Amino acid sequence: MSERVNFVAIFDRKRDEEERRKFMLGAERAQDAIFMTNLEGTITYVNPAFERLYGFTRSEAIGKTPRILKSGAQDAHFYKTFWATLVSKQIATVNVVNQTKEGKRVHIEATANPILDARENLLGYLAIHHDVTKQRSLEAQFRHAQKMEAVGRLAGGIAHDFNNVLSVILSYAEMMRETLPEDDPNYSDVIEIGTAARRASDLTRQLLAFSRQQVLQPKIIDLNVAVAAMENMLRRLLGADVELRTEPAAALWMLEADTGQIEQVVMNLAVNARDAMPDGGTLTLSTRNAVVETANDLPIGSYVMLTVRDTGIGMDASTLGRIFEPFFTTKEAGKGTGLGLATVFGIVKQSGGHVTVESEPNEGTTFNIFLPRVNRVADVRVLRRPSTPAPGNETVLVVDDDDQVRTVVRAILQRSGYVVLDAASGEDALAIARGHTGEIALLLADMIMPRMKGHELAARLKSTRPSMHVLFMSGYTNDLLAQTNAYLKKPFTPASLTQTIRDVLSSVVLSTVDTNPTR
């Protein structure tokens, strides 16, 4: 009510030019857009901030109505209620989406005041528009980040439990296959079981990538070399009607990342681009060094930047806001899982990087991937292993809180000649170790278990058995797992399990053990 009284005082003192001069001076210098209209709603005054915000000059705005600002985001009922409030001589405060002269949408906190004389007669209206577009954008980003984090935790939890199930299915399918002759009528059924489990493993791995809980095998790489190595495969993937262009930057900085994951990022973006260009087009992959000196959308730092740009159908704002959500897809049923871009998002974030997207309908789409620069030389080592793991006769202590995983691991290792002790918890494992008088060559423990984590168990056992080797199993990564130098990724197969154990017991402890059964 106090605001309305002030305007009454100002506009009723017609002979007090000093008061009016002060008001106009304040309006001209105000940071918020201010404009006045007469009773019919025709604009009679705009301040400089109005011109800056909306792009209309004073001469272009005066004589028009506020309808020049309408974006279509509000319906007729909104404006009917708004004007009814003003006509009833009340202050109207609303949040509205307006449009500038160039067609850009802006979010506005608007206050409209009735201008009254001393007898409470309406003289016109005065509006103050505060631009909150950036604030709304930041709020939307924060809400989106919260949603993605929550979905990521859910996806990671599901994938972790599902990896235990898949380890059991893959292992038993493989053991059954080994016992059946190829002409057995059940042989092809067992093959199909394994194939289906591997497909499920692919989906699980994508969920873990999205939730940033996948086990990574980082090394120092040259992004130009990684992209060049994929060119032939990408050309086959894209087809003859899509032209592939590569624009590698000279003197590109090094980055530390998992090469397989970077390849997956590029492949997923390429598949998306191909689907966005049904009539053909151009896909361009370019690299460059990027330095961010002012924190805005990206943290300050030095980055190796990969840009993936297509000439496809593009996306509207609504689609653009959801593209990284898992299971969101614009493709028809059966044409996609909706995990491709979610996987890209997860891999980039887990690698310490950032991804931005630019797109407009019918104007193509550009993905910019920013990965932190490192000041080291590219790692070109090649890891080699024997094709068939050697049998063993050592004693292995297997610890996993999942009964089925523990059972199948015991069966696999006993078939390979190992002596197996097994426990469902860290406490049980300590008791078994205390009662076992012989040597325990290896502790094979799940990393995440109730009450006592794998690394805690390993530390306690190593204090009394310092020569014992340690191998962790896990379906996802965390800071503790990243500190280990021997781990087995779930889901595993009998071959990957026995090979990894043989590597560890032979002291060939690899920091980049690849046990992915789908490769």
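These numbers were taken from a predicted model, which means no experiment stands behind them.

Trainee: What's the story with the overall build of the protein chain in this structure? I'm lost.
Mentor: The helix and strand inventory of the protein chain stands at 16 helices and 17 strands. Split into buried and exposed, the 519 residues of the protein chain put 47% on the buried side. A sequence separation of at least 24 residues applies to 66% of the contacts in the protein chain between residues at least 6 apart.

Trainee: What is the right way to look at the nonpolar core in this model?
Mentor: Generally speaking, nonpolar side chains in soluble globular proteins are found buried as a group. Membership of the largest hydrophobic core comes to 38 residues, with the highest contact counts inside it found for L223, L269, L283, L285, F324, F367 and I369. Counting residues in each nonpolar core, the second largest holds 24 residues, with F50, A92, V94 and I108 among its members.

Trainee: What is the right way to read the sheet that holds strand β13 (residues 395–399) from this model?
Mentor: Strand-to-strand pairing in sheets goes through backbone hydrogen bonds, with the strands running parallel or antiparallel. Across the sheet, which stays open at both edges, the five strands sit in the order β14-β13-β15-β16-β17 with parallel pairing between neighbours. Of all strands in the sheet, those bounded by a partner on one side alone are β14 (419–423) and β17 (487–489). Mean inter-strand twist for the sheet, computed between neighbouring axes without regard to direction, equals 20 degrees. Sheet topology places strand β15 (residues 442–446) next to strand β16 (residues 469–474); five bridges connect them, and they run parallel. In the strand pairing of β16, D446 is matched with M473. Along the sheet, helix α12 (residues 403–415) makes contact with β13, β14 and β15, crossing β14 at roughly 170 degrees. Across the sheet, helix α13 (residues 426–435) is in contact with β13 and β14; its angle to β14 comes to roughly 135 degrees.

Trainee: What is the right way to look at the confidence of the model for the protein chain in this model?
Mentor: The predicted structure's coordinates, where accompanied by low pLDDT, should not be read in detail. In this model, the protein chain carries a mean pLDDT of 81, and residues with pLDDT of at least 70 account for 79%. Here residues 478–483 is modelled with pLDDT under 50, and outside its nearest four sequence neighbours on either side it reaches nine contacts, counting other chains as well.

Trainee: Even after reading the chapter, I still don't get the pairing of β13, so can you show me in this structure?
Mentor: The side chains of a regular strand alternate, first on one face of the sheet and then on the other. Most of β13 sits inside the fold, with five of its five residues counted as buried. The alternating pattern of β13 places T395, L397 and V399 and V396 and V398 on opposite faces, both of which are buried. Where β13 lies against β14, five bridges are found, and the strand directions are parallel. Considered in β14, the bridge of L397 is made with L421. Each parallel crossover has a hand, and for β13 linked through α12 to β14 it is right-handed. Pairing analysis gives four bridges linking β13 to β15, with the strands arranged parallel. What sits directly across from V399, in β15, is A445.

Trainee: What is the right way to look at the pairing of β15 in this model?
Mentor: With five of its five residues buried, β15 lies for the most part within the structure. Here β15 shows two buried faces, one formed by L442, L444 and D446 and the other by L443 and A445. Crossover β15 to β16 through helix α14 (residues 454–464) is right-handed.

Trainee: Looking at this model, I keep getting lost on the packing of aromatic side chains. Mind explaining?
Mentor: Geometry of an aromatic ring pair is reported as the spacing of the ring centres plus the angle between the planes. Enumeration over the complete set of coordinates arrives at six aromatic pairs. A ring pair is formed by F50 and Y54, whose centres lie 5.1 Å apart and whose planes are at 55 degrees; its orientation type is tilted. In this pair, F50 and Y54 both sit in helix α3 (residues 48–54), four residues apart, roughly one turn of the helix. Both residues of the pair, F50 and Y54, count as buried. Measuring from ring centre to ring centre gives 5.2 Å for F78 and Y79, while their planes differ by 90 degrees; the resulting arrangement is edge-to-face. On the basis of relative accessible area, F78 is assigned to the partly exposed category, the value being 22%.

Trainee: Is there a simple way to explain α14 in this structure?
Mentor: Each α-helix winds once per 3.6 residues, and so residues spaced three or four apart point in a common direction. If you check which residues of α14 are buried, you get G454, L457, A458 and L461. One side of α14 carries all its buried residues, which in axial view fall inside an arc of 100 degrees. Residues of α14 that are buried sit in contact with β13, α13, β15 and β16.

Trainee: Please clarify how unusual backbone geometry should be interpreted in this entry.
Mentor: Note: most peptide bonds trans; most residues except glycine with negative phi. Omega for the peptide link from K490 to P491 comes to 0 degrees, which places this bond in the cis form. Tracing the chain through its elements places P491 in the loop between β17 and α16 (494–505). Of note in the backbone geometry, N362 takes a positive phi value of approximately 65 degrees without being a glycine. Within the fold, N362 resides in the loop between β11 (354–359) and β12 (365–374). When its relative accessible area of 64% is taken as the criterion, N362 is described as exposed.

Trainee: Could you clarify how one ought to interpret the sheet that holds strand β5 (residues 122–131) in this entry?
Mentor: Across the sheet, which stays open at both edges, the five strands sit in the order β2-β1-β5-β4-β3 with antiparallel pairing between neighbours. Each edge of the open sheet is held by one strand with a lone partner, namely β2 (43–46) and β3 (92–99). With direction set aside, neighbouring strand axes in the sheet form an average angle of 30 degrees. Of the strands in this sheet, β3, β4 (105–116) and β5 touch helix α5 (residues 76–87), which is tilted by about 140 degrees from β3.

Trainee: Looking at this model, I keep getting lost on the packing of α12 against α16. Mind explaining?
Mentor: At a closest axis distance of 10 Å, the pairing of α12 and α16 adopts a crossing angle of 65 degrees. When the interaxial angle is binned, α12 and α16 end up roughly perpendicular. Judged by the twist between their axes, the crossing of α12 over α16 is right-handed. Here V409, I412 and L413 of α12 come into contact with α16, specifically with P494, L497, T498 and I501. Taken together, the residues that form the contact of α12 with α16 break down as six nonpolar, one polar and no charged.

Trainee: I keep staring at a nonpolar patch on the surface and nothing clicks. Help me out?
Mentor: A surface patch of nonpolar side chains, about 300 Å² in accessible area, is lined by F162, V165, I169 and I193. The element contributing the most residues to the nonpolar patch is helix α6 (residues 133–179), with three residues. By the element assignment, I193 lies in helix α7 (residues 187–210). On the basis of relative accessible area, I193 is assigned to the partly exposed category, the value being 42%.

Thresholds, definitions, all that
- Residues numbered from 1 in each chain as written.
- Predicted model: local features only at pLDDT ≥ 70, side-chain atom pairs only at ≥ 80, totals over all residues.
- Heavy atoms only, no water.
- Helix = DSSP H or I, 4+ residues; strand = E, 2+ residues; numbered from the N terminus.
- Buried < 20%, exposed > 50% of the residue type's maximum accessible area, 1.4 Å probe, protein only.
- Contact = heavy atoms within 4.5 Å.
- Core = buried A, V, L, I, M, F, W, Y, C linked by side-chain atoms within 4.5 Å.
- Pairing = 2+ DSSP bridges.
- Axes fitted to C-alpha atoms, helices over the stretch in contact; angles between N-to-C directions.
- pLDDT = per-residue confidence, 0-100.
- Right-handed = clockwise from strand over helix to strand, strands pointing away.
- Phe/Tyr/Trp six-rings, centres within 6.5 Å; stacked < 30°, edge-to-face > 60°.
- Arc of directions from axis to C-beta.
- Parallel < 35°, antiparallel > 145°, perpendicular 65-115°, else oblique.
- Left-handed = near helix turned anticlockwise from the far one by under 90°.
- Nonpolar A, V, L, I, M, F, W, Y, C, P; charged D, E, K, R; others polar.
- Patch = residues over 30% accessible without salt bridge, like charges linked within 9 Å, V, L, I, M, F, W, Y side chains within 5 Å.
- Areas by Shrake-Rupley, 256 points an atom, 1.4 Å probe, with all protein chains shown as cover.
- Salt bridge = Lys/Arg side-chain N within 4 Å of Asp/Glu carboxyl O.

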